[in-house]
Structure formats: C-alpha cells, structure tokens
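A structural walkthrough
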Amino acid sequence: MAACGRRTRPSCNDLKYDYRSLPTTSVVIAFYNEAWSTLLRTVHSVLETSPDILLKEVVLVDDYSDREHLKEPLERYISGLRKVRLIRTTKREGLVRARLLGASITTGDVLTFLDCHCECHEGWLEPLLHRIKEEPSAVVCPVIDVIEWNTLQYLGNAGEPQIGGFDWRLVFTWHVVPEYEQKRRHSPTDVIRSPTMAGGLFAVSKNYFHYLGTYDTGMEVWGGENLEFSFRIWQCGGSLEVHPCSHVGHIFPNKAPYSRNKALANSVRAAEVWMDEYKEIYYHRNPHARLEAFGDVSERRKLREKLGCKTFRWFLDNIYPEINIPSDRPGMFGMLKNRGKVNYCFDYNPGDEHIVVGKKIILYPCHGMGQNQFFEYSTDGEIRYSTREPGGCVVGDNISTYLTVQLCKKRNQPVPVDQKFVLREDGTLYHVASQKCVHALDKDKDSGSGAPSLQPCSDNLRQKWFFEEKA
Ligand code: LR7
Ligand code: MN
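Residues numbered from 1 in each chain as written. Chains lettered and ligands numbered in written order. Predicted model: local features only at pLDDT ≥ 70, side-chain atom pairs only at ≥ 80, totals over all residues. Heavy atoms only, no water.

The chain appears in an unreviewed UniProt entry as polypeptide N-acetylgalactosaminyltransferase from Solea senegalensis. Under the UniProt heading Subcellular location (unreviewed entry), the note attached to the chain is "Golgi apparatus membrane". Reading the Sequence similarities (unreviewed entry) entry of the UniProt record for the chain gives the comment "Belongs to the glycosyltransferase 2 family. GalNAc-T subfamily." (UniProt positions renumbered as here; feature names shortened; annotations may be inferred.)

Below, the structure is given as structure tokens:
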C-alpha cells in the first residue's frame, strides 16, 4: 500500500520544533560594496523570520567597501536595530577571512552564513538548527530560491530541490537528486545529501566548524572555498546536506561588483590539498592553473593529516559516484590537432555551463588554454568533451557529415555506435557507424575557419589527427 504510506508522510508544514531544545545561532553576513536595499532586505528578513529565542545576533562584516552609503549612513541605520552588529575589516580580506572575522565575535552555538543579498523565508532557520542538534557533524544548507536580479521578484525554486556537484574545471554545478539518494531518504522532509555546496548559505555547529579547521585563510576575494570546504567536510567525516524545508532566496546578479580573478589560485589550493592524484584531471583541463602561484598549503595538508581525512578517491566513489572519471591516458587528451590544416584544433563552444546537445564541432586556431579545445579519447572509443559534467561526446552524422556533441552515456552503459571512433596508428580517426574518416575542411556554412567532416578514408594529411596537451 505504497500510496497509503505516502499520504501519511509528513510535509514541511507538519514539522514542529521545540524551540527551547534547539541550539542558538549567530548569522554572519560579509559584504563588499553591496547596494543598500539588498543588504538591508537581507538583515530585515533574518530579523523578521528568526524566532527570537534562537537568534543571538546578526553580524555584518564590511570587507573594506568604498561606497559612501555603507559608511556612516549604514552605522546610523544599524544602531536602531536590535541584535545587529557591524564590524569592518581594515583592508580588503576577501569573503573567507571576512566571514571568519565575523564568526570570531559570535556568541551562538551555530554559525549561519548568508550572502548579503538574500531573503529568508518564514521557517527557514528551525530545520537547519534541528538537524545540527540531531547530527552535530552535519553542515546544512537551505534550498536556494532564485530572486530575479533585475526586478527583485521572488521566483522561488521550481520542483524538487537540487544538490551540488562540480566538473573537472572545478566549477560548481547543480544536479537533480540521484535515485540512490531518493531511496535512502524515508520522508520528503529528510535532508538530502549533497556532494558540494554553492558556498554562501549554510549552517554549521561552531565547535564542528573549528574542529574541521574553519576555512583556508590563504584564499582571497571569491571562489574555490565552497568546493574546498565541501571536500573537507566529506573527506574528514562530516556530511553536507540540503534541508528541503528551509528556503532562502538569493539574488544572482548579472555582474559582481568586483573582480574574481583570484578564484583560480583558490581552486588550485583546494586541488592541491584535497584531490590527491585527481588534481591532474583538473590541471589537464586548465593548463594555466599549473602556473598559478597558490601560496603555501602546508598547514592545510597538516590539518588533513591531523584529522585523518579520507582520500579523494573515497569521496568520488561514495559521495559523488555519478561523476565521470576521465582516464586521461598519455597522448590521448588535450587539443585535437590536424596535420594537414596546421595549428587548427577541434573546438566546441557550448557558451553556457551545460552541453548544448546537437551543437557542431568546428576547427579553430589552437590556443592551448584547455576549455573549449579540450577533448579526451576514452578507453571506450569516445571523443569526450569532458570539461563539463555530465560530459559531452562527439557524434558523427552520416548525412550532414558534420560532428556534433551529445550527452555521453552513463557509467556502465554501452557506447552508442554513432559516438564510437577509432584513433588508428596512422592518425586517422575512423567513425565506426559511417565507416568514414574525420577530415579537416577549410570552410563550411557555420564556420569561416573550417570544421571536421566525415569523408571517405584516404591518406590525405587532412585526415591525420593527434592530441597535444599544450600549445
Ligand atoms: O572580496 C569579497 N568580500 C566579500 O565580503 C568578495 C565577496 N564578499 C561577499 C559578498 O558581498 C557576498 O556577500 O561574499 C559574499 C559572496 O559573494 P557573491 O555574492 O558575489 O558570490 P556569489 O553569490 O556569486 O557566489 C557563490 O560562490 C562564492 C564562491 O566563492 C561564495 O561561496 C558565495 O557565497 C556563493 N553564493 C551562494 O552560494 C549563493 C547561491 C549562489 C549559487 C550557486
Ligand atoms: Mn551572492
């Protein structure tokens, strides 16, 4: 009687909390040059939706903003608000150290971090605190609803909450909840385990945050700290979860009010400390990351040692089994270059984060930056565009003769025959389904710089290909 069982399952509205038994929290909000209205909307929404007994204080940390309204006017405004404190860094610290400065003056049991352009929903806080009381080593995120940046309209979050992943460029990605996780949960109000977090909105027991080594203070400005913290939580024995009953809105602005070029060094730090040999998969796709100065990570490696944290392999196998692990065999990844049309490479530009199914591969002058020119010849005979997750696979179309990209098969499934290529000893790239070879054409209707096309096999140099890691 599955249907009957389902009817009796609790919904979020049915959950009741005994406030006196819940831990208290301090909300920490770091900001840099934020607009007045969005910053104060965040503060007021916290004050209005958090039960008084649970909220110790709201700590605003000004990360050395230079906008006038964030100076005396903000101080004056804040002084009229109960529980709100404002502190300032004495130089630009970046969000990691700004948040830590804020955390250092808190008095609550739990630290709740928010971005400075959020809107908390009625009932957002209780589920987070309840879960941490139940499991002190859980780091819990609310469901992040979308607030339209232009109109500030609250769009919410359609359908089931999503969880976090990443791709091999170390870019954070959203995913639907996998089947094994749906099965593990007993009720729609149970937390959802998530391999990674977006970074801005989460609650963590203060003691546990300290046990885990807070943040990597060698990280500057923005980026990378969310994956670093996610890897660390899982590898060092905690769990990272999304609570489906807690909702907070976030404005995803079109453009940040600051440069984000420190993100690369931050990601390299995360890779160097947590990813073991899998950092090579990241470096292959970002050749310039290898040259990035990332500072000293010896303290962070010692922390990993001290906490006896598990390997990255363990994390991939147990927490993020959906991710494809590229084989990256020597000589079988990098730029895919042609011998006849010299210095032209396979190039695929999905533009957006995700694979654009059906978009054509073109030839473009080789740039050696990885990214859109990174391909990998897999042990299954696919040509994978595996910088994205889920990855794209090159498909040959016998009728148009051109190559496009489709989603790759899932793990343990057979390769569709039109995605199968044989990179032969002589450099020809044989497409099994059409029995033709990939030929570098000079021009076609979509690209002035040429495109690969399926042609009858010959020993023309235009049909000889090789992989090269760097320019
Ligand atoms: O130098 C800085 N100092 C700061 O205090 C740079 C930023 N900040 C503040 C900033 O004002 C904001 O309050 O730090 C907070 C985060 O910066 P945002 O809002 O510009 O970042 P974001 O929302 O674009 O980026 C997401 O990824 C970041 C990676 O470093 C952080 O983890 C953000 O907190 C994170 N935001 C979210 O998770 C909200 C959901 C977005 C998604 C996906
Ligand atoms: Mn943000």
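Let's pick the thread back up.
1. A word on a nonpolar patch on the surface
Residues Val-146, Leu-155 and Phe-252 make up a contiguous nonpolar surface patch of about 240 Å² in total accessible area. Inspection of the secondary structure puts Val-146 in strand S6 (residues 138–147). The exposure class of Val-146 is partly exposed, given its relative accessible area of 31%. (Patch = residues over 30% accessible without salt bridge, like charges linked within 9 Å, V, L, I, M, F, W, Y side chains within 5 Å. Areas by Shrake-Rupley, 256 points an atom, 1.4 Å probe, with all protein chains shown as cover. Salt bridge = Lys/Arg side-chain N within 4 Å of Asp/Glu carboxyl O. Helix = DSSP H or I, 4+ residues; strand = E, 2+ residues; numbered from the N terminus. Buried < 20%, exposed > 50% of the residue type's maximum accessible area, 1.4 Å probe, protein only.)

2. A few points about the coordination of the manganese ion (ligand 2)
Donor atoms from the polypeptide that bind the manganese ion (ligand 2) are Asp-115 (OD), His-117 (NE2) and His-250 (NE2), placed at 2.2 Å. When the donors of the manganese ion (ligand 2) are listed by position in the chain, the intervening gaps give D-x1-H-x132-H. Both residues of the pair, Asp-115 and His-117, belong to the buried class. (Donors = N, O, S within 2.8 Å, 3.2 Å for Na, K, Ca; no water.)

3. Quick look at the pattern of salt bridges
Oppositely charged side chains can pair when the atoms bearing their charge come close. Using the criterion set out here, one finds 34 salt bridges in the structure. A salt bridge links Arg-301 to Glu-272; the shortest N-O distance between them is 2.8 Å. Pair noted here: Arg-301 is in helix H11 (residues 298–307) and Glu-272 is in helix H9 (residues 263–274), with a separation of 29 residues, a long-range link. Overall, Glu-272 belongs to the buried group, its relative accessible area being 13%. Of the charged contacts in the structure, one is a salt bridge between Lys-409 and Asp-380, with a shortest N-O distance of 3.2 Å. Pair noted here: Lys-409 is in the loop between strand S19 (403–407) and strand S20 (421–423) and Asp-380 is in the loop between strand S16 (375–377) and strand S17 (383–385), with a separation of 29 residues, a long-range link.

4. Some remarks on the pairing of S19
Where strand S18 (residues 392–396) meets S19, five bridges bridge the pair, whose relative direction is antiparallel. Considered in S19, the bridge of Val-394 is made with Val-405. The hairpin turn running from S18 into S19, its antiparallel successor, is six residues long, and Thr-401 in that turn takes a positive phi close to 70 degrees. (Pairing = 2+ DSSP bridges.)

5. Notes on the site of ligand 1
Inspection of the region around ligand 1 gives 25 residues, with Ala-30, Asp-63, Gly-223, Glu-225 and Tyr-258 positioned closest. Asp-115 has a polar side-chain atom sitting 2.8 Å from an oxygen atom of ligand 1. At 2.9 Å from an oxygen atom of ligand 1 is found a side-chain nitrogen or oxygen belonging to His-117. Considering ligand 1 on its own, with 810 Å² of exposed area, one finds that the protein chains cover 93% of that surface. Elements supplying a minimum of two residues to the shell around ligand 1: strand S1 (25–31) and helix H4 (94–104). The element contributing the most residues to the shell around ligand 1 is H4, with three residues. Looking at side-chain class alone, the shell around ligand 1 contains 13 nonpolar, six polar and six charged residues. (Near = heavy atom within 4 Å. Polar contact = N/O pair within 3.5 Å; in protein donor to acceptor, adjacent residues only side chain to side chain. Nonpolar A, V, L, I, M, F, W, Y, C, P; charged D, E, K, R; others polar.)

6. Considerations on H9
Over its 12 residues, H9 runs 16 Å from end to end, which matches the ideal 16 Å to within 8%, given 1.5 Å per residue. Judged by how many residues are buried, H9 sits mostly within the fold: 11 of 12 residues are covered. Taken as a whole, H9 has its buried residues at Ala-263, Ala-265, Asn-266, Ser-267, Val-268, Arg-269, Ala-270, Ala-271, Glu-272, Val-273 and Trp-274. On the buried face of H9, the contacting elements are helix H8 (225–235), helix H10 (279–285), H11 and helix H12 (312–318). Looking at the residues trailing H9, positive phi occurs at Asp-276, about 50 degrees. (Expected span 1.5 Å × (residues − 1). Contact = heavy atoms within 4.5 Å.)

7. Observations regarding the packing of H9 against H11
Contact geometry for H9 and H11: axes closest at 9 Å, N-to-C directions at 40 degrees. Accordingly, the angle class assigned to the pair H9 and H11 is oblique. Judged by the sense of rotation from one axis to the other, the crossing of H9 with H11 is right-handed. Across from Arg-269, Glu-272, Val-273 and Trp-274 in H9, the residues of H11 making contact are Arg-300, Arg-301 and Arg-304. (Axes fitted to C-alpha atoms, helices over the stretch in contact; angles between N-to-C directions. Parallel < 35°, antiparallel > 145°, perpendicular 65-115°, else oblique. Left-handed = near helix turned anticlockwise from the far one by under 90°.)

8. As for the packing of helix H2 (residues 36–49) against helix H3 (residues 72–79)
Contact geometry of H2 with H3 gives a least axis separation of 13 Å together with a crossing angle of 20 degrees. Taken together, the axis directions place H2 and H3 in an arrangement best described as roughly parallel. When you trace H2 past H3, the crossing you get is right-handed. Between H2 and H3, the contacting residues are Trp-36, Leu-39, Leu-40 and His-44 on the first element and Pro-73, Leu-74, Tyr-77 and Ile-78 on the second. Broken down by class, the residue content of the contact of H2 with H3 amounts to seven nonpolar, one polar and no charged.

9. A short note on the packing of aromatic side chains
Using the criterion set out here, one finds 26 aromatic pairs in the structure. Look at Phe-172 and Trp-174: their rings are 4.9 Å apart centre to centre, the planes differ by 85 degrees, and that puts the pair in the edge-to-face class. Between Tyr-348 and Tyr-385 the ring centres are 4.8 Å apart and the planes differ by 75 degrees, which places this aromatic pair in the edge-to-face class. Remark: Tyr-385 occurs in strand S17 and Tyr-348 occurs in the loop between strand S14 (344–347) and strand S15 (362–365); sequence separation between them is 37 residues. Clustering of aromatic rings is evident, with ring pairs tying together Phe-166, Trp-168, Phe-231, Tyr-278, Phe-312, Phe-315 and Tyr-320. The cationic tip of Arg-339 hangs over the ring face of Phe-466; the distance from NZ or CZ to the ring centre is 4.1 Å. For the cation-ring pair, Lys-341 lies above Tyr-344, with the distance from its terminal atom to the ring centre recorded as 3.9 Å. (Phe/Tyr/Trp six-rings, centres within 6.5 Å; stacked < 30°, edge-to-face > 60°. Lys NZ or Arg CZ within 6 Å of the ring centre and 35° of its normal.)

10. Topic: unusual backbone geometry
Residue Glu-389 is joined to Pro-390 through a cis peptide bond whose omega torsion reads 0 degrees. Of note in this structure, Leu-152 is not a glycine but carries a positive phi near 60 degrees. In this structure, Gln-371 takes a positive phi of about 50 degrees despite not being glycine. Relative to the elements of secondary structure, Gln-371 occurs in the loop between S15 and S16.

11. Structural notes on the state of the cysteines
The tally for this structure, following the rule as stated, stands at five disulfides. Here Cys-12 engages in a disulfide with Cys-245; their sulfurs sit 2.1 Å apart. Its torsion about the S-S bond being -75 degrees, the disulfide of Cys-12 and Cys-245 is classed as left-handed. Note that Cys-12 is positioned in the loop between helix H1 (2–8) and S1 and Cys-245 in strand S12 (residues 239–251), a separation of 233 residues in sequence. A sulfur-sulfur distance of 2.0 Å marks the disulfide that ties Cys-437 to Cys-457. The sign of the 90 degrees torsion about the S-S bond sets the Cys-437-Cys-457 disulfide as right-handed. Note that Cys-437 is positioned in strand S22 (residues 436–441) and Cys-457 in the loop between strand S23 (451–455) and strand S24 (465–468), a separation of 20 residues in sequence. By relative accessible area, Cys-437 is classed as buried at 0%. Its relative accessible area of 37% is what places Cys-457 among the partly exposed residues. Counting only the cysteines that take part in disulfides, in the order they occur along the chain, gives the pairing 1-3, 2-4, 5-6, 7-8, 9-10. (Disulfide = S-S within 2.5 Å.)

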